[in-house]
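Here are the chains, one letter per residue:
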Amino acid sequence: MVDQQTLHEGWTLRAVPGPQVPGEVAGRAIPATVPGCVHTDLLDAGLIPDPYLDDNEHAVAWIGRTDWVYETGFRHEPGGADRVDLVCAGLDTVATVGVNGVEVGRTENMHRGHRFDVRSVLRPGDNTLTVRFDSAYRYAEAQRDRLGDRPNAYPEPFQFIRKMACNFGWDWGPTLVTAGIWQPIGLHAWSTARFATVRPLVTLDGADGRVELHVEVERAGDEPLTVRAAVAGVSAEATIPAGERGAVLLLSVPTPARWWPRGHGEPTRHPLEVTLSAADGRTLDTWSRRIGFRSVRLDTAPDAHGSAFTLHVNDVPVFVRGVNWIPDDAFPTRITRGRLAERLSQAAEANVNLLRVWGGGRYESDDFYDLADERGFLVQQDFLFACAAYPEEEPFRTEVEAEAREQVTRLAAHPSLVLWTGNNENIWGWHDWDWQEPLAGRTWGRGYYLDLLPRVVAELDPTRPYWPGSPWSGSEDVHPNDPAHGTTHIWDVWNTDDYTKYREYTPRFVAEFGYQAPPAYATLRRALSDEPLASDSPGMAHHQKAAGGDAKLQRGLDAHLPAPRDFDDWHWLTQLDQARAIQLGVEHFRSLRPVCMGAIVWQLNDCWPVTSWSAVDGDGRRKPLWYALRRAYADRLLTVQPRDGGLAVVAVNDGGTPWRGTVSVTRLTVAGEPRAKAELELDVPAYGSVTLALPAELARPDEARRELLVAEAGDTAERALWFFAEDKDVDWPAARFDAAVEPVDGGQRVRVTAGTVLRDLTLFPDRLDPAATVDEALVTLLPGESATFTVRSARPLDRAALTARPVLRCVNDM
């Protein structure tokens, strides 16, 4: 058996001397946590300020330009093993590894593991292990100077090092260039042979499950070996003859319970156990995972609208209700399984079924994928290339291939993973971002996306589709961001155009679209010391990383909403505008089913407190967008859409049973007076949609500033609203309501009864208690209607404050 000794204790950290190193750090041996990184060690030691607060990010910039040495001591008692390996699952990034003063290896890729044979340099008893990390900046800048600069989206050299690109800053993230032992490290002692890789290719063959199990071994001897595998009551065995290093086992499981994605069935998994034995029967190594039997294919066939992009799971087309996922912390070792579970719960509760792991971060962790498998999420994993022209020369080509092979093999067992993507926006960038002239014929990554990566995926995991980029049209003969073909990113909305432009698109699959808003008030108050807070106060400005971001927020407010009187209004209205923009986009794209078969919102999460496109902020608080997303991604969606010069009700059914009933559509005034009404019969097949044109007496108002449409289908779906004028132009009555607060277990219940129309009524209990949450938001009430909000908090909140501005808000309280 492989004997494993973790080496996570007793580490210290030292800065290599340099003029940039502060006096309080120079020459000190600082206690270090492994796995971890330099920033978190210095933070724990009280030697740097929290880089997430105010503009402290600038005060710690020297860390990324410094070399660091980690060191620990450990005891080793030789046990007669043929081999003793030092196994480094992840070193960030430019590392020199030494044991007892002897260099045993060098690394320059954060995204792969390394194994070094150290048996000959170990001593009985006490030993010393050192890992020196050279500055990632110095390495990247040297590669840039050697190979020639290449364009990217930000003035940082992130494409010249195989490291998490967003460490170098992004339009939502801080520049915190890390170094450290960021994955487990330890000694593995073994004899005869061990598993090098175990790669199960899991598919369906008709109703039966099929596992094609590829095993490779590393040997310390040449005797015959036996591999045994078992899953769901079926077993198989193969012999690896002396001198050979691989075997393939086939297991056929009769009619297993399948793994289904969210909304389509149960995500059933089955334990797969694999054992490696010596000729005398000794167990040498074991491997186990929980696999899911399911099929995946990608339909990209040409049709009357262009060419499709439809995921089929178990031969069922799935409309993707997705979110883009970024690293949940700039310091990945702070991301626990519990934190991931909370974030994926937030995605599930927002009716999300797919998470796209974006290409400027990391290949997500085993915990992330295990949770996604367990909860029935689909996952699209980008290879790690984003928003830049990447060199294809050495050492990068070899590192990229090794990284891709390791990650494709590591993730092969996970049923949630349904799509590999070659890059984020790099093919689009080459076409449209003025790259070609400065590149002057130099490599930029095309060879990775259209040759190397598809070959690796085809060789190691042909069960899953590969798509060269996001966006990508499917052909070099078609513009990479053509909405009629493949996947598209829509960023003219936000950057230059109003969000109503979403309705001008008929895309096949929207892989990115988004709109900004600030984080929750409690998040701002924790992170910023600005007094008073203002949209342009120093801390707010530092935590807005998007070019022209505040001006774009203001453009959105000017187009749609009343003018804010103060910061509280600005905060509320910018969060509301974000929610409105994305709800409009999602409902439009879903209404186009089956021409459009996916929408992936940018973005679910944040890595720090920041004004960004997220639905959940950097402290884990849900913004109003999250509630809008839950509504827009509901299994059954009723939405009013412009159609053919008029209006229509579109009913979208992402459930497994038909949706039948009556839709009542009323045109009424904001005072609640009905002007016209009709009832429409609804019959929507499972996983389908129906468009019902509205008669002119409903679609044409008498007074646009004073009227709206309400479409209701009883309890089968949330009602749909259509206002004939923008909020800033509506003739709103001043908000009047009655509110009652009563205690309940774990919090309070707030019941609001409308005396007038209340547009997008929302509670912000975090203004009273940073830990408080609320179950509902963005509720529009007509006169006489009531809504109930359940507030969860550890202590009772002030009743008067709970029902007054700025905690309780609506559009017409302005």
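As a starting point, this report considers the structure included with it. From a predicted model like this one, the values you see are computed outputs, not experimental measurements. (Residues numbered from 1 in each chain as written. Predicted model: local features only at pLDDT ≥ 70, side-chain atom pairs only at ≥ 80, totals over all residues. Heavy atoms only, no water.)

Some points on the overall build of the protein chain
Across its full length, the protein chain holds 17 helices and 46 strands. Against the compact-globule benchmark of 28 Å for 814 residues, the protein chain has a radius of gyration of 28 Å, which places it among compact chains. A principal-axis box enclosing the C-alpha atoms of the protein chain has dimensions of 90 × 65 × 60 Å. In the protein chain, of all internal contacts separated by at least 6 residues, the share reaching a separation of at least 24 is 69%. Here the protein chain has roughly 29,000 Å² of accessible surface; of this, 48% comes from carbon and sulfur atoms. The positive charge centre, built from 84 side chains, and the negative charge centre, built from 116, are 2 Å apart in the protein chain. (Helix = DSSP H or I, 4+ residues; strand = E, 2+ residues; numbered from the N terminus. Rg over C-alpha atoms; globule rule 2.2 N^0.38 Å. Contact = heavy atoms within 4.5 Å. Areas by Shrake-Rupley, 256 points an atom, 1.4 Å probe, with all protein chains shown as cover. Lys, Arg positive; Asp, Glu negative; His and termini not counted. Charge placed at Lys NZ, Arg CZ, Asp CG, Glu CD.)

Considerations on helix α13 (residues 549-560)
Between the first and last C-alpha of α13 there are 17 Å, a value that for twelve residues agrees with the 16 Å anticipated at 1.5 Å per step. Regarding α13, the residues found buried are Gly-549, Lys-552, Leu-553, Gly-556, Leu-557 and His-560. Seen from one end, α13 has its buried residues packed into an arc of 140°, which puts them on one side. Summarising the contacts, the buried residues of α13 are in contact with α10 (492-495) and α14 (567-591). (Expected span 1.5 Å × (residues − 1). Buried < 20%, exposed > 50% of the residue type's maximum accessible area, 1.4 Å probe, protein only. Arc of directions from axis to C-beta.)

Details of the pattern of salt bridges
Under the counting rule described, the total for this entry stands at 77 salt bridges. Here Glu-218 and Arg-83 are joined by a salt bridge, their closest N and O atoms 3.0 Å apart. Taken together, the residues Glu-218 in strand β14 (residues 208-219) and Arg-83 in strand β5 (residues 83-88) connect sequence positions 135 residues apart. Residue Glu-218 is classed as partly exposed on the basis of its relative accessible area of 22%. Take Arg-83: its relative accessible area is 15%, and that puts it in the buried class. Where Arg-410 meets Asp-366, a salt bridge forms, and the shortest distance between an N and an O atom there is 2.6 Å. Pair noted here: Arg-410 is in helix α6 (residues 396-411) and Asp-366 is in helix α5 (residues 366-375), with a separation of 44 residues, a long-range link. (Salt bridge = Lys/Arg side-chain N within 4 Å of Asp/Glu carboxyl O.)

A few points about the sheet that holds strand β7 (residues 94-99)
Strand order in this open sheet of six strands is β3-β2-β4-β10-β7-β8, and the pairing throughout is antiparallel. A strand with exactly one partner marks an edge of an open sheet, and here the two such strands are β3 (30-31) and β8 (102-108). Of the strand pairs in this sheet, β7 and β8 are connected by six bridges, and their pairing is antiparallel. Paired with Val-94 across the two strands is Glu-108, which belongs to β8. (Pairing = 2+ DSSP bridges.)

A word on the nonpolar core
Ranked by internal contacts, the top residues of the largest apolar core, which has 214 residues, are Leu-42, Tyr-70, Leu-86, Trp-170, Phe-383 and Phe-513. The element best represented in this core is α14, accounting for eleven residues. Apart from the residues lying within four places of it in its own chain, the contact partners of Phe-513 are Ile-490, Trp-491, Tyr-502, Ile-582, Gly-585, Val-586, Phe-589, Ala-599, Ile-600, Val-601 and Trp-602. Core analysis: the second largest hydrophobic core is formed by 30 residues, Val-234, Ala-236, Ala-238 and Leu-272 among them. (Core = buried A, V, L, I, M, F, W, Y, C linked by side-chain atoms within 4.5 Å.)

Focus: the packing of α6 against helix α9 (residues 446-460)
The relative placement of two packed helices is expressed as an angle between their axes plus a distance between the axes. Orientation of α6 relative to α9, taken along the N-to-C sense of each, is 35°, at an axis distance of 10 Å. Seen from above, α6 lies across α9 with right-handed handedness. Along its contact with α6, which presents Phe-396, Arg-397, Val-400, Glu-401, Ala-404, Arg-405, Val-408 and Thr-409, the element α9 presents Gly-447, Tyr-448, Asp-451, Leu-452, Leu-453, Arg-455, Val-456, Val-457, Glu-459 and Leu-460. Of the residues in the contact of α6 with α9, the class split is ten nonpolar, two polar and six charged. (Axes fitted to C-alpha atoms, helices over the stretch in contact; angles between N-to-C directions. Left-handed = near helix turned anticlockwise from the far one by under 90°. Nonpolar A, V, L, I, M, F, W, Y, C, P; charged D, E, K, R; others polar.)

With respect to the packing of aromatic side chains
Applying the stated criterion across every chain yields a total of 38 aromatic pairs. Taking the centre distance of 4.8 Å and the plane angle of 55° together, the rings of Tyr-154 and Trp-170 count as tilted. Of this pair, Tyr-154 sits in the loop between α3 (136-147) and β11 (180-181) while Trp-170 sits in the loop between α3 and β11, and the two are 16 residues apart along the sequence. Here the two residues Tyr-154 and Trp-170 agree in accessibility, since each one is buried. Plain terms: the ring middles of Trp-572 and Phe-764 are 5.9 Å apart, the flat faces sit at 70° to each other, and that makes the pair edge-to-face. Linking Trp-572 in helix α14 with Phe-764 in the loop between β42 (758-763) and β43 (773-774), this pair joins segments that are 192 residues apart in sequence. Phe-764 carries the same exposure label as Trp-572, and that label is buried. A connected cluster of aromatic rings, assembled from ring pairs, spans Tyr-154, Phe-158, Trp-170, Trp-172, Trp-358 and Trp-602. Looking at Arg-262, its charged tip hangs above the ring of Phe-377, at a distance of 5.3 Å from the centre. (Phe/Tyr/Trp six-rings, centres within 6.5 Å; stacked < 30°, edge-to-face > 60°. Lys NZ or Arg CZ within 6 Å of the ring centre and 35° of its normal.)

Re the side chain of His-571
For His-571, the location among the structural elements is in helix α14. On the basis of relative accessibility, which here comes to 3%, the residue His-571 falls in the buried class. At a separation of 2.7 Å, a polar atom in the side chain of His-571 contacts the main-chain carbonyl oxygen of Pro-519. In this structure, His-571 is in contact with Pro-518, Pro-519, Ala-520, Tyr-521, Leu-524 and Arg-767, ignoring residues within four places of it in sequence. (Polar contact = N/O pair within 3.5 Å; in protein donor to acceptor, adjacent residues only side chain to side chain.)

Describing the sheet that holds strand β38 (residues 707-712)
Ordered in space as β36-β35-β38-β39, the four strands form an open sheet in which the pairing is antiparallel. With partners counted over all chains shown, the strands left at the sheet margins are β36 (674-684) and β39 (720-723), one partner each. Averaged over all pairs of adjacent strands, the angle between strand axes in this sheet comes to 15°, irrespective of strand direction. In this sheet, β38 lies alongside strand β35 (residues 659-669) in antiparallel orientation, the contact comprising six bridges. Paired with Leu-668 across the bridge in β38 is Leu-708.

A short note on the environment of Ala-599
With respect to the helices and strands, the residue Ala-599 is situated in strand β32 (residues 598-601). Each residue touching Ala-599, except ones within four places of it in the same chain, is listed here: Phe-319, Val-320, Arg-321, Gly-322, Val-510, Phe-513, Phe-589 and Tyr-633.

Some thoughts on the pairing of β36
Walk down a regular strand and you will see the side chains alternate between the two sheet faces. With ten bridges joining them, β35 and β36 adopt antiparallel strand pairing. Note on β36: the bridge partner recorded for Trp-659 is Val-684.

Digging into α6
With 16 residues, α6 should cover 22 Å at 1.5 Å per step; its first-to-last C-alpha distance of 22 Å lies within 8% of that length. Listing the buried residues of α6 in full gives Phe-396, Glu-399, Val-400, Glu-403, Ala-404, Gln-407, Val-408, Thr-409 and Leu-411.

Observations concerning the side chain of His-542
Within the secondary structure, His-542 is located in helix α12 (residues 538-542). On the basis of relative accessible area, His-542 is assigned to the buried category, the value being 11%. Setting aside residues no more than four positions away along its own chain, His-542 makes contact with Asp-54, Asp-55, Glu-57, His-58 and Trp-608.

Quick word on the environment of Ala-551
If you trace the backbone, Ala-551 turns up in helix α13. Along the sequence, Ala-551 and Asn-495 sit 56 residues apart, while their C-alpha atoms lie 9.9 Å from each other.

Regarding the packing of helix α4 (residues 337-349) against α5
As a packed pair, α4 and α5 sit with axes 10 Å apart at the nearest point and diverge in direction by 40°. Regarding the angle of α4 to α5, the classification is oblique. Every pair of crossing elements has a handedness; the one defined by α4 and α5 is right-handed. Between α4 and α5, the residues in contact are Arg-337, Leu-340, Ala-341, Leu-344 and Ser-345 and Asp-367, Phe-368, Asp-370, Leu-371, Ala-372, Glu-374 and Arg-375, respectively. The class makeup of the residues in the contact of α4 with α5 is six nonpolar, one polar and five charged. (Parallel < 35°, antiparallel > 145°, perpendicular 65-115°, else oblique.)

Focus: the pairing of β32
Side chains Gly-598 and Ile-600 project from β32 onto one buried face, and the interleaved Ala-599 and Val-601 project onto a second face that is buried too. Here strand β25 (residues 320-325) runs beside β32; their pairing, made up of four bridges, is parallel. Within β32, the residue paired with Val-323 across the bridge is Val-601.

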